[in-house]
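# Geometric and topological summary
Each chain is listed here by its residues.
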Amino acid sequence: FFCQKICADCGIDPQKRTCDLTEEEELRLAEEIGKYVLENPLRRMYKANCAHLLDIKHRRGLRLKAGLPVRWQRSNNTNARTARKLNPWRL
C-alpha cells in the first residue's frame, strides 16, 4: 500500500508506532511525504481540472455540473441516482 511504500523509501519499519520514532526518522518521513500533493492543494487541483472541463464545454464537465455519472455509465439506473446524491458539490 501507499504508506508501506513511503516507509520503505524512508527506511522505517511500517510496524513502528509514531511515539517510538526518533527525531531523524520523523524528519525523513516529513521530507518524503512533502514530495506528494495532499489535502488543500489536491482539492484545488481537482476543482481547477473540473472548471477547465466545463470551460471547454467537454462532455465530462457538463455531466459533472449536472451531478450525473461521468464515465459513460447509464443514467436511468441506480448509479445515476447515487451520483446525484453524492456529487452535487463537485463544481
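Please read all numbers here as calculations on a predicted model, not as lab measurements.

### Considerations on the packing of aromatic side chains
Under the criterion given, the structure shown has 1 aromatic pair. Sitting above the plane of the Trp 72 ring, Arg 59 keeps its charged end 3.8 Å from the centroid.

### Some remarks on the pattern of salt bridges
Applying the stated criterion across every chain yields a total of 4 salt bridges. For the salt bridge of Lys 5 with Asp 9, the shortest nitrogen-to-oxygen distance reads 3.2 Å. Taken as a pair, Lys 5 and Asp 9 lie in helix H1 (residues 2-10) at a separation of 4 residues, close to a single helical turn. Under the relative-accessibility criterion, Lys 5 is labelled partly exposed at 41%. The partner of Lys 16 in a salt bridge is Glu 25, with the nearest N and O atoms 3.1 Å apart. Lys 16 gets classed as partly exposed once you look at its relative accessible area, which sits at 32%. Taking the relative accessible area as the measure of exposure, Glu 25 reaches 11% and is therefore buried.

### Structural notes on the environment of Ala 8
By the secondary structure assignment, Ala 8 is in helix H1. On a C-alpha basis, the gap between Ala 8 and Arg 71 in space is 35 Å, while along the polypeptide they are 63 residues apart.

### Considering the state of the cysteines
Under the criterion given, the structure shown has 0 disulfides. Of all cysteine sulfurs in the structure, the one in Cys 7 sits closest to Cys 3, which takes part in no disulfide; the separation is 6.3 Å. Overall, the relative accessible area of 52% leaves Cys 3 in the exposed class.

About the thresholds
- Residues numbered from 1 in each chain as written.
- Predicted model: local features only at pLDDT ≥ 70, side-chain atom pairs only at ≥ 80, totals over all residues.
- Heavy atoms only, no water.
- Phe/Tyr/Trp six-rings, centres within 6.5 Å; stacked < 30°, edge-to-face > 60°.
- Lys NZ or Arg CZ within 6 Å of the ring centre and 35° of its normal.
- Salt bridge = Lys/Arg side-chain N within 4 Å of Asp/Glu carboxyl O.
- Helix = DSSP H or I, 4+ residues; strand = E, 2+ residues; numbered from the N terminus.
- Buried < 20%, exposed > 50% of the residue type's maximum accessible area, 1.4 Å probe, protein only.
- Disulfide = S-S within 2.5 Å.

All quantities given are derived from atomic positions and should not be read as evidence of function.
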